[in-house]
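# Tertiary structure, described
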Amino acid sequence: MTDAHTARTIVGIIGNMISFGLFCAPIPTMVKIWKMKSVSEFKPDPYVATVLNCMMWTFYGLPFVQPDSLLVITINGTGLFMELVYVTIFFIFATSPIRRKITIAMMIEVIFMAVVIFCTLYFLPTTKQRSMLIGIMCIVFNVIMYASPLTVMKLVIKTKSVKYMPLFLSLASFMNGVVWVIYACLKFDPYILIPNGLGSISGIVQLILYATYYKTTNWNDEDDDKEKGYSNAEIELGRA
């Protein structure tokens, strides 16, 4: 019989694979930007925000913050690297005002992260205290980032069209949330459970909307509009 630790490891590996797929979602957008040598109307905001989210979750998974969370580190460390690559591509092909915006945002994130790390390690002596502080902050950031899929869902209801909400991303987001909820329950971790529970609910709502408005969707519009509409509100949560 599989013990809880082994089961948790297996579930965590599956979660890593699904989350990696979500982190790969922006690759077509990046390829298009690279080919056009311009960011066009695409926005860097989701990628810049996800950098901070991944940094927070990676820090949360460290053994002196939340022990036995290696798989949290692996996926969010990988996600952090990928998001930094996306931000770099944006920076290379963006106009000067956007470059300035990206630079300021990244500097703020680095300074903020440095302050969080210093305060956590200096003022909080136990892993229980550290995991509680960082865990709560991770939950807050994740909830804020849910504004993106909420925006897309609102658009789907308004237009009665799912062309801005690709099925595979909605399904992957749902599966990602469910897998990490199971992971969090096998060794109870409320800070992983809460945001991924919300992610599962968000995924279910998206799938219901997809089933509801699929037949009323006009698929004849240009692919560019579809890609642009969703790329500005991608579900790229660095969920642990």
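Summarised in this report is the structure supplied together with it. (Residues numbered from 1 in each chain as written. Predicted model: local features only at pLDDT ≥ 70, side-chain atom pairs only at ≥ 80, totals over all residues. Heavy atoms only, no water.)

### Topic: the pattern of salt bridges
On inspection of all chains with the given rule, the structure shows three salt bridges. Across the pair Asp68 and Arg8 runs a salt bridge, and its minimum N-O distance is 3.4 Å. Remark: Arg8 occurs in helix α1 (residues 4-23) and Asp68 occurs in the loop between α3 (45-61) and α4 (70-93); sequence separation between them is 60 residues. With a closest N to O distance of 3.3 Å, Asp68 and Lys187 form a salt bridge. (Salt bridge = Lys/Arg side-chain N within 4 Å of Asp/Glu carboxyl O. Helix = DSSP H or I, 4+ residues; strand = E, 2+ residues; numbered from the N terminus.)

### A few points about the environment of Thr126
On the secondary structure map, Thr126 appears in the loop between α5 (96-123) and α6 (127-145). Using a relative accessible area of 34% as the deciding quantity, one classes Thr126 as partly exposed. Taking the C-alpha atoms as reference, Thr126 lies 8.2 Å from Phe64; in sequence the two are 62 residues apart. Side-chain polar atoms of Thr126 contact the side chain of Gln129, separated by 3.2 Å. (Buried < 20%, exposed > 50% of the residue type's maximum accessible area, 1.4 Å probe, protein only. Polar contact = N/O pair within 3.5 Å; in protein donor to acceptor, adjacent residues only side chain to side chain.)

### With respect to the nonpolar core
Grouped together as the largest cluster of nonpolar side chains are 44 residues, with contacts concentrated most on Ile33, Met56, Phe90, Ile134 and Ile192. Of all the secondary-structure elements, those providing two or more residues to this core are α1, α2 (27-36), α3, α4, α5, α6, α8 (167-186) and α9 (190-213). Ignoring any residue separated from it by four or fewer positions in sequence, one finds Phe90 in contact with Met30, Ile33, Val39, Phe42, Lys43, Pro44, Tyr47 and Ile102. Counting residues in hydrophobic clusters, the runner-up holds eight residues, among them Val156, Val162, Leu209 and Tyr213. (Core = buried A, V, L, I, M, F, W, Y, C linked by side-chain atoms within 4.5 Å. Contact = heavy atoms within 4.5 Å.)

### What to know about the packing of α3 against α4
With their axes 8 Å apart at the nearest point, α3 and α4 run at an angle of 155 degrees to one another. Considering the angle they form, α3 stands roughly antiparallel to α4. The chirality of how α3 crosses α4 is left-handed. Taken together, the residues of α4 that come into contact with α3 (itself represented by Tyr47, Val48, Thr50, Val51, Cys54, Met55, Trp57, Thr58 and Gly61) are Val72, Ile73, Asn76, Gly77, Gly79, Leu80, Glu83, Leu84, Tyr86, Val87 and Phe90. (Axes fitted to C-alpha atoms, helices over the stretch in contact; angles between N-to-C directions. Parallel < 35°, antiparallel > 145°, perpendicular 65-115°, else oblique. Left-handed = near helix turned anticlockwise from the far one by under 90°.)

### Let's talk about the side chain of Gln66
Following the sequence through the fold, Gln66 ends up in the loop between α3 and α4. Classification of Gln66 as buried rests on a relative accessible area of 17%. Once residues within four sequence positions are removed from consideration, Gln66 is found in contact with Tyr60, Gly61, Ser131 and Asp189.

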